[in-house]
Amino acid sequence: MILTVTPNPSLDRTYEVQALKRGEVIRAETERMDPGGKGVNVSRAVAAAGRRTVAVLPLGGAPGALLADLLDAQGIEVAPVPVYGATRSNIALAEADGVLTKINAPGPQLSAAEQELLLETVREQSRDADWIACCGSLPRGLAPSWYADVVTRAHAGGARIALDASGRALLEALRARPDVVKPNAEELAEAVARPLVTVGDALKAAEELRGMGAGAVLASLGADGQLLVDDAGAWFGSAHVDAVRSNVGAGDSSLAGFLIAGGSGPEALASAVAHGAAAVQLPGSVMPTPADLDPSAVSVTADVPVDRLLTEPVLLTEPVS
């Protein structure tokens, strides 16, 4: 069983439009409403693969009730933490050329009692978990050290933990030594406070995160592929994609694929790449099923192409404050 923790879940509405034009009325060609939040998406991808998953998340108001119903309809067990504030709603505008514009709401502020209940629910639900995946932004009220507390408690209970966070929350959590962290290129550059121009730059940054406490680093490099760096070495994985329809949740699908395949080594990296490649070819934040995967399109090598220029280099970064 894979347990997911989403401190700031959402209802995600995705509209497909031909082009985004400021100040004009734009008619959407399609509309979708999906459960949102990084951890929620990991659970959705795990469930789509036919595996058991439990989603721990704070829920409040009518949006929270609807989110729980949507997850239940997808075969996901929900461990709700009732909160006073309403669950947030996010909007994504997907243009025909693949450009995605997202508007994310801040979400409710959690009280001290709600924060402790969230931690206690994670502890209770983690007894049967093979992995705990903690993902996404922290809602108002949670300190940047909150993920570090979760990692410490998870390890005390004998669980393995994968973390998808950014900024100060990521740096604080590294001190607690999570088993896996999954940054994208921007988050990786921010963590080491320097630009990433080549795959080699990303490799060095991933190695630095391991030096800061990460057991392994699974780094998403967008269209260029993914890196896995752990005690056994480094691997680079990529996949051929015919057309990108939406990249919403693609990184979350990758993390699910990685954990489903055991959470370590090149085979797990290949699964991560296959899941991510399948996800970007689906509408909105639809998670791929086994039928959507194309393992033959995936390539994994220990010969990391360190000199390859990133398609979307991260040129400007600011130190995490």
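As named in an unreviewed UniProt entry, the protein is 1-phosphofructokinase, taken from Streptomyces actuosus. Quoted verbatim from the Sequence similarities (unreviewed entry) heading of the UniProt record, the comment on the protein is "Belongs to the carbohydrate kinase PfkB family."

Moving on, we get to the overall build of the protein. Helix and strand content of the protein: nine helices and 16 strands. Its C-alpha atoms give the protein a radius of gyration of 18 Å, within 12% of the compact-globule value 20 Å for 321 residues. Principal-axis analysis of the C-alpha atoms gives the protein an extent of 50 × 50 × 40 Å. When the 321 residues of the protein are sorted by exposure, 52% land in the buried category.

Moving on, we get to the environment of arginine 44. Note that arginine 44 resides in helix H1 (residues 38–48). For the pair arginine 44 and aspartate 201, spaced 157 residues apart in sequence, the C-alpha to C-alpha distance is 32 Å. For arginine 44, the contacting residues outside a window of four places in its chain are Asp34, Pro35, Leu71, Gln74, Ile76, Ser285, Val286 and Met287. At a separation of 3.2 Å, a polar atom in the side chain of arginine 44 contacts the side chain of glutamine 74.

A few words on the environment of glutamate 29. You can see glutamate 29 is positioned in the loop between strand S2 (10–17) and strand S3 (30–36). When the C-alpha positions of glutamate 29 and serine 10 are compared, they lie 23 Å apart, and in sequence the two are 19 residues distant. The contact partners of glutamate 29, leaving out residues within four places of it in the chain, are Glu16 and Gln18. A distance of 2.8 Å separates the side chain of glutamate 29 from the side chain of glutamine 18, its partner in a polar contact.

What follows covers the sheet that holds strand S7 (residues 100–103). Here we have four strands laid out as an open sheet, ordered S3-S2-S6-S7, and mixed in their pairing. Two strands lie at the open edges of the sheet, namely S3 and S7, each paired on one side alone. The average angle at which neighbouring strand axes cross in this sheet is 20 degrees, direction not considered. On top of the sheet, helix H2 (residues 61–73) reaches S2 and S3; it is set at about 95 degrees to S3, its chief contact.

A cluster of nonpolar side chains, namely Val197, Leu309 and Leu315, defines an oily patch on the protein surface of about 280 Å² accessible area. Along the polypeptide, leucine 315 turns up in the segment after strand S16 (309–314).

Moving on: the sheet that holds strand S15 (residues 298–301). Spatial ordering of the open sheet is given by S5-S4-S1-S8-S9-S10-S12-S13-S14-S15, a layout of ten strands whose pairing is mixed. Sheet topology places strand S5 (77–82) and S15 at the edges, where each strand pairs with a single neighbour. The pairing of strand S1 (residues 2–5) with strand S4 (residues 53–59) spans four bridges and is classified as parallel. Opposite valine 5, over in S4, you have valine 56 as the bridge partner.

Following the UniProt record, the feature "domain: Carbohydrate kinase PfkB" (unreviewed entry) maps to residues 9–290 here. Span residues 9–290 is 37% helix and 26% strand, its end C-alpha atoms 25 Å apart.

Turning next to helix H6 (residues 185–192). Most of H6 is tucked away, with six of its eight residues classed as buried. All of the buried residues along H6 are Ala185, Glu187, Leu188, Ala189, Ala191 and Val192. If you follow the buried residues of H6, they end up packed against strand S9 (160–164), helix H5 (167–174), strand S11 (196–198), helix H7 (199–211), strand S12 (216–220) and S16. Sitting at the amino-terminal end of H6 is asparagine 184, which places a side-chain oxygen 3.2 Å from the backbone nitrogen of glutamate 186. Backbone geometry just downstream of H6 places alanine 193 in the positive-phi region, at approximately 55 degrees.

Conventions and cut-offs
- By convention here, each chain's residues receive numbers from 1 onward along its written sequence.
- Only residues with pLDDT of at least 70 are given local features in this predicted model, and only at 80 or more are side-chain atom pairs given and counted; all residues enter the totals for whole chains, interfaces and linings.
- Side-chain figures throughout are based on the complete set of non-hydrogen atoms in the structure, without hydrogens or water.
- UniProt positions are given in the numbering used here, feature names are shortened, and annotations may be inferred rather than shown by experiment.
- Secondary structure is summarised from DSSP: a helix means a run of H or I of at least four residues, a strand means a run of E of at least two, and numbering begins at the N terminus for each.
- Restricting the calculation to C-alpha atoms gives the radius of gyration, and the globule rule supplies 2.2 Å times the number of residues raised to the power 0.38.
- Under the scheme applied here, a residue whose accessible area is under 20% of the maximum for its type counts as buried, over 50% as exposed, and between as partly exposed, the area being computed with a 1.4 Å probe on protein chains only.
- By the convention used here, residues are in contact when the closest approach between their heavy atoms is within 4.5 Å.
- Whenever a nitrogen or oxygen atom comes within 3.5 Å of another N or O atom, the pair is scored as a polar contact, on the condition that within protein one atom can donate a hydrogen and the other can accept it, and that pairs from neighbouring residues in sequence are kept only if both atoms are in side chains.
- Only strands that DSSP links by at least two bridges are regarded as paired with each other.
- Here an angle of 0 to 180 degrees is reported between the N-to-C directions of two axes, which are lines fitted to C-alpha atoms, with helices fitted over the stretch in contact.
- Here, patches come from residues exposed beyond 30% relative accessible area and free of salt bridges, joined within 9 Å for like charges and within 5 Å for nonpolar side chains (Val, Leu, Ile, Met, Phe, Trp, Tyr).
- Surface accessibility follows the Shrake-Rupley procedure with a 1.4 Å probe radius. Residue values consider only the protein chains on display as shielding.
- For this document, the term salt bridge refers to a Lys or Arg side-chain nitrogen within 4 Å of an Asp or Glu carboxyl oxygen.

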